[in-house]
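Okay, here's what each chain looks like letter by letter:
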There are 2 protein chains.
Amino acid sequence: MASLTCPLALQRYHQVLLAHGGGGRLMHQLIQEMFLATFQPEPAWQHDAASLTVQGDRLAFTTDSYVVTPLFFPGGDIGSLAVHGTVNDLAMAGAKPCYLSLSLILEEGLPIDTLWRVVQSIQAAAERAQVRIVTGDTKGVDRGKGDGLFINTSGIGILEHDTWIGPSAVQPGDQILVSGDVGRHGIAILSAREGLAFETAIESDSAPVADRVQALLSQVPIHCLRDLTRGGLASALNEIALAAEVSMDLASGQIPVQAEVQGACELLGLDPLYVANEGRFVAFVPASAADTALACLRQSHASAQVIGTVVKRGSAQVTLQSSTGSRRILDLLSGEQLPRIC
Amino acid sequence: MASLTCPLALQRYHQVLLAHGGGGRLMHQLIQEMFLATFQPEPAWQHDAASLTVQGDRLAFTTDSYVVTPLFFPGGDIGSLAVHGTVNDLAMAGAKPCYLSLSLILEEGLPIDTLWRVVQSIQAAAERAQVRIVTGDTKGVDRGKGDGLFINTSGIGILEHDTWIGPSAVQPGDQILVSGDVGRHGIAILSAREGLAFETAIESDSAPVADRVQALLSQVPIHCLRDLTRGGLASALNEIALAAEVSMDLASGQIPVQAEVQGACELLGLDPLYVANEGRFVAFVPASAADTALACLRQSHASAQVIGTVVKRGSAQVTLQSSTGSRRILDLLSGEQLPRIC
C-alpha cells in the first residue's frame, strides 16, 4: 500500500493532546482519520472486540509491549518492531500469525507526525508479515508520565501441525542452529541513542521470520525455537537449557557476528552474544536434519550456522569453546545490559 | 484462591529495578515467583505464545491498556480494572470471555509490594470473571518515563450464537436500557486522586458483566451492547447514534444516578452522564423484549432502567427530555473531562 499523507484535520493539532485518548471527538477523529484510513480493516473496525472465525484450528496467542528508545533507529522503528516482535513470538510457537491487536499509550506532547509515521510503519510491517490489525485501543498520559509512545501488540496465530515445539522436546544430540548473524539490533539502538557513528552504519535485523519458520517446519522435525530478543543469544540458550534441563556446547568460531558489530562491541565493552536481535532465532533439530535445516535457513540469510550441540541431561550449562580449545561458561545476565531496546 | 504471601526472594529488592524487565535472572525470578506462583497456568506458561484449542468456534479478540491513576481507588485497582475492562469488551460483542494476555510496563522505582498486590488483584478478578491469564510480558522503563505501572490485557472470547450485535442492528423503536446507576467509577477515581471526602464513600462500579450479558442473550434478542467507560453514558450513546445513523430520545428522570454521585458531580461541576463507569452497559432491544430484558438486568442491579427510545434514521442526535418537558442535546465531548480514569 502506498504511504498515505496525513490529513490536515490531524496535522492542525501538531501534538497529541490528552483529548486524543479521551473518548470524545478528537479521539474519534484520530481513529477515523489515522487508524481506519491506514489499516482499512475488513469487516468494519470493532469498537469492543473483533470476531474471528477459525474453523476448529488450534490457536497461538501472545502479547508484547514495546518501549524502545529512540522511536526511530537504523533499520526500523517502534512500529515495525511491535509487529515483528509479536509475529515472531507466534512463529516461535510454530504458528502461522494471523491477527494482531494494537494498543497505544501516548504521552501528551507527542508530535502527531511522529505518531503518523509509526502507524504507517505498523501497517507496512503488518502487510509484509501477512497479518491484519483487527482491534485497537488508545490511551493518553500526561506529559512526563510516559516517554512519547509505548505500544502493545497481541497476536493470534493458527497452529497447522501437531508437532510439540518447546524446551521439553529438546534431546541430547540435537544440533543448535542460529538463523543469521547476531547483535545488530542492540548495537543499532545504542548507536542511535548515543549518537555513535561507526565506519559502516549498523542496521537493526528487525524483521518477521514466520515464513522461514513455516518453510523449516515443512522440511524437518523441529524440537525447539526461540527468538533472540532481550539478553541475546546467550540468554535464549540459557533459558532453554534451564527449562529443558540440558547442557549445551557451542563453538565460538561458528557463531556469526558481523565484523562491524564485533568492532562496536569491543569499543563499547559489550558481548555480542548478549546483545538483542529482532529477526534472529535458534532452532533445535535432530542431528540427521541439521544439513537440511541449515540449507533452509540460508535461503533467508547466508550467515545462518550450526553453532553447537545439546550434550546431556541433568545440568543446565551453556559452554562456549574457543578456536584454541579454551572453554567458558555462558551464563544468564544478572542485570540489564541495554535497557529499552524493544 | 487464598492470597499468597510475597516470597522473600522478591521482597528483598523493595523496588522494581530495570533488570526486572531485562531478560536476565531478576526477570526470570519475577516471572517464576510472582506470576507463575499466582496464576498457576495450565498447561505450562508459554514463553512465546499460548496454544488454544477452540474446536471450530467463532472468536472475539480485544485489547486495552490501563493507565489509571491512582493505582488503587475505592472499589478497585488497576489490576482488577484491567481484567474487568477487557472481559467486558468481549461481553459487549456477545462473546463468552475465555483467555487474557497480560503485559506490564513497570517504572523503575515501583515498590515490589505494590506490584504484588496488583498481580493478586488481577488473579482474583480473573477467577471471578472465569477467564485465564495464559501469556504475559514485562517491560521496564527508567524513572520518570512512566507512572508506576501501565497494564495491557488482550482477550479472546468465544461467540456461541449467530446474532449480529452492533450498531448496524439498531432499529427505530428499539428500547435503550442501562444496566445500573451511572457515574460511580469516575467519581471514585477523582475522590481518591484529589483526596476529596464525601459524606458517603463513593465506590467504583468496576465489575465483570459477561454473566449478565450471557443471561440476557439467552432470554431476548439484543441489537446492540456498549459498556460505558471513558466519556460515560452520553459518549457511548453518541457513538452508537453516529455508527447506526439513528437518533435517540432519553428521559432524564429515568437515568439512574446515586444521590451521592449526583451531589459530588454538582460540587465538582461535572455531568454524571459523561462520567466513566467500569461495570455498566447499555443494551438496545426490540420494544417487545424490553420488560424481559429489564427484569433480567435487575437480577444484578435493582437500579437498571429503560432510559429511552431509538426514534428515527438519517440523523444522529441524542436528546434528553427533562421531567418538565424541556429538551437538550446530549453531544459528544470535544475534550477530556477526567483523564486517566482507566
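Everything discussed here concerns the structure shown above.
Since the model is a prediction, treat every value here as computed from it, not as a measurement.

(A) How the structure looks around the overall build of chain A. Within chain A one finds nine helices and 14 strands. Within chain A, the proportion of its 342 residues that are buried is 61%. Counting contacts in chain A only where the partners sit at least 6 residues apart, residues at least 24 apart contribute 87% of the total. Looking at chain A as shown, the accessible area adds up to about 12,300 Å², and 48% of this sits on carbon and sulfur atoms.

(B) Inspection of a nonpolar patch on the surface at higher detail. Among the surface-exposed residues, A:Leu196, A:Leu267 and A:Leu268 lie close enough to one another that they form a single nonpolar patch of about 260 Å² accessible area. Inspection of the secondary structure puts A:Leu196 in the loop between helix 5 (184-194) and helix 6 (210-219).

(C) View of the environment of A:Ser103. Looking at the element boundaries, A:Ser103 is found in strand 5 (residues 96-107). For the pair A:Ser103 and A:Asp137, spaced 34 residues apart in sequence, the C-alpha separation works out to 4.6 Å. Apart from residues lying up to four places away in sequence, A:Ser103 is in contact with A:Asp137, A:Phe150, A:Ile151, A:Asn152, B:Thr63, B:Asp64, B:Ser65 and B:Asn152. Side chain to side chain, A:Ser103 and B:Ser65 meet in a polar contact 2.6 Å long. A polar side-chain atom of A:Ser103 sits 3.5 Å from a polar atom in the side chain of B:Asn152.

(D) Broad picture of helix 8 (residues 259-268) of chain A. Residue and element names in this part refer to chain A. Every buried residue of helix 8 is accounted for by Val-261, Ala-264 and Cys-265. Each buried residue of helix 8 lies within a common arc of 100 degrees when the element is viewed along its axis, so the set occupies one face. Looking at helix 8, the residues exposed on the side facing more than 90 degrees away from the buried face are Ala-259, Glu-266 and Leu-267. On the buried face of helix 8, the contacting elements are helix 5. Backbone geometry just downstream of helix 8 places Gly-269 in the positive-phi region, at approximately 70 degrees.

(E) Representation of the packing of aromatic side chains. If you walk through the whole model with that rule in mind, you get two aromatic pairs over all chains. Ring plane angle 85 degrees and centroid distance 5.7 Å describe the contact between A:Phe61 and B:Phe61, whose orientation is recorded as edge-to-face. With one member in each of two chains, A:Phe61 in strand 2 (residues 58-66) and B:Phe61 in strand 2 (residues 58-66) form a pair that bridges those chains. Between A:Arg117 and the ring centre of A:Phe72, over which it is positioned, the NZ or CZ distance is 4.0 Å.

(F) Molecular detail of the sheet that holds strand 14 (residues 327-329) of chain A. Residues and elements named next belong to chain A. Read from one edge to the other, the open sheet built from seven strands follows the order 9-11-8-12-10-13-14, with strand pairing classed as mixed. In this open sheet, the two strands that pair with only one neighbour each are strand 9 (224-227) and strand 14. This sheet shows a mean twist of 25 degrees between the axes of neighbouring strands, independent of strand direction. Looking at chain direction, strand 8 (residues 175-178) and strand 11 (residues 281-285) are connected through four bridges and run antiparallel. Note that in strand 11 the partner of Gln-175 across the bridge is Val-285.

(G) Structural detail: the sheet that holds strand 12 (residues 305-313) of chain B. Residue and element names in this part refer to chain B. Read from one edge of the open sheet, seven strands run 9-11-8-12-10-13-14, paired in mixed fashion. Among the strands making up the open sheet, the edge pair consists of strand 9 (224-227) and strand 14 (327-329). When strand polarity is set aside, the average angle formed by the axes of neighbouring strands in this sheet is 25 degrees. Where strand 8 (residues 175-178) and strand 12 come together, four bridges link them in antiparallel fashion. Paired with Val-178 across the bridge in strand 12 is Gln-305. Relative to strand 9, helix 3 (residues 78-92) is tilted by about 170 degrees, and along the sheet it contacts strand 9 and strand 11 (281-285). Sheet contacts for helix 7 (residues 232-244): strand 8, strand 9, strand 10 (246-251), strand 11, strand 12 and strand 13 (318-321); angle to strand 10, the most-contacted strand, approximately 150 degrees.

(H) Quick peek at the pairing of strand 9 of chain B. All names here are of chain B. Covered by surrounding structure in strand 9 are Cys-224 and Arg-226 together with Leu-225 and Asp-227, the residues of both alternating faces. Two elements, strand 9 and strand 11, share four bridges in a ladder whose sense is antiparallel. When the sheet's bridge partners are listed, Asp-227 is paired in strand 11 with Phe-281.

(I) Expanded view of the environment of B:Arg313. All names here are of chain B. The residue Arg-313 is located in strand 12 in this model. On the basis of relative accessible area, Arg-313 is assigned to the partly exposed category, the value being 44%. With residues up to four places along the chain from it excluded, the contact list for Arg-313 reads Val-170, Gln-171, Pro-172, Ala-244, Glu-245 and Val-246. In terms of polar contacts, Arg-313 uses its side chain to reach the backbone carbonyl oxygen of Val-170, at 3.2 Å.

Thresholds applied
- Residues numbered from 1 in each chain as written.
- Chains lettered and ligands numbered in written order.
- Predicted model: local features only at pLDDT ≥ 70, side-chain atom pairs only at ≥ 80, totals over all residues.
- Heavy atoms only, no water.
- Helix = DSSP H or I, 4+ residues; strand = E, 2+ residues; numbered from the N terminus.
- Buried < 20%, exposed > 50% of the residue type's maximum accessible area, 1.4 Å probe, protein only.
- Contact = heavy atoms within 4.5 Å.
- Areas by Shrake-Rupley, 256 points an atom, 1.4 Å probe, with all protein chains shown as cover.
- Patch = residues over 30% accessible without salt bridge, like charges linked within 9 Å, V, L, I, M, F, W, Y side chains within 5 Å.
- Salt bridge = Lys/Arg side-chain N within 4 Å of Asp/Glu carboxyl O.
- Polar contact = N/O pair within 3.5 Å; in protein donor to acceptor, adjacent residues only side chain to side chain.
- Arc of directions from axis to C-beta.
- Phe/Tyr/Trp six-rings, centres within 6.5 Å; stacked < 30°, edge-to-face > 60°.
- Lys NZ or Arg CZ within 6 Å of the ring centre and 35° of its normal.
- Pairing = 2+ DSSP bridges.
- Axes fitted to C-alpha atoms, helices over the stretch in contact; angles between N-to-C directions.

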